[in-house]
Amino acid sequence: WEESMKRLAKFKNVYVKIGGFGMHWTGFGFDERPTPPSSDELATAWGPYVLFVIAAFGVDRCMMESNFPMDKITCSYTVLFNALKKITRSYSKEDRRNMFELNAKRVYKIK
């Protein structure tokens, strides 16, 4: 997976949506627990993957997203986005705004 993402990142016209980690097929198993995980638990589990992709593509080609309603089997929308915010807390406010908002507006040509 990592080598494939690195190869893909070499194409400067490719952007990546980061999300969908709450789906069953990702194998984290949070959907099988009797109680939902906290945003801290999700940040710990998902963090290495999210940070790897950001490092490979750069903050200007990453877009944070949810895969709701499919991710709902793991956690709430709020918990999911709080986890992504915690994972990216070391990035500047500007970088985070790009990843959580402005990159998508640019890529999808949203005014």
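Shown above is the structure to which this text applies.
The paragraphs below set out a description of the structure included in this document. (Residues numbered from 1 in each chain as written. Predicted model: local features only at pLDDT ≥ 70, side-chain atom pairs only at ≥ 80, totals over all residues. Heavy atoms only, no water.)

Quick notes on the environment of Ala 55
Working step 1: Here Ala 55 lies in helix H2 (residues 39-57).
Working step 2: Considering only alpha carbons, one finds Ala 55 and Lys 6, 49 residues apart in sequence, at a separation of 9.5 Å. (Helix = DSSP H or I, 4+ residues; strand = E, 2+ residues; numbered from the N terminus.)

Digging into empty space enclosed by the protein
Rolling a probe over the atoms, with the probe sized like a water molecule, indicates the empty space that remains.
Working step 1: The tally for this structure, following the rule as stated, stands at one cavity of 30 Å³ or more.
Working step 2: Put simply, the largest cavity is a space of about 30 Å³.
Working step 3: Of the residues belonging to the lining of the largest cavity, the class tally is five nonpolar, four polar and one charged. (1 Å grid on protein atoms, 1.4 Å probe; cavity = no way out; pocket = protein on both sides within 12 Å on 5 of 7 lines; lining within 4 Å. Points joined across faces, edges and corners; volume = space filled by probe spheres on them. Nonpolar A, V, L, I, M, F, W, Y, C, P; charged D, E, K, R; others polar.)

Observations concerning H2
Working step 1: At Trp 46, H2 shows its maximal kink, close to 55 degrees; a proline, Pro 48, follows between one and four residues later.
Working step 2: Those residues of H2 lying buried are Ser 39, Leu 42, Ala 43, Ala 45, Trp 46, Gly 47, Val 50, Phe 52, Val 53, Ile 54 and Phe 57.
Working step 3: Next to the buried residues of H2 lie helix H1 (2-9), strand E1 (16-18), strand E2 (62-64), helix H3 (77-87) and helix H4 (93-107).
Working step 4: Remark: Gly 58 follows H2 within two positions and exhibits a positive phi of approximately 85 degrees. (Bend = angle between axes of the 7 residues up to and from the residue. Buried < 20%, exposed > 50% of the residue type's maximum accessible area, 1.4 Å probe, protein only. Contact = heavy atoms within 4.5 Å.)

Read these as geometric descriptors, not functional statements.
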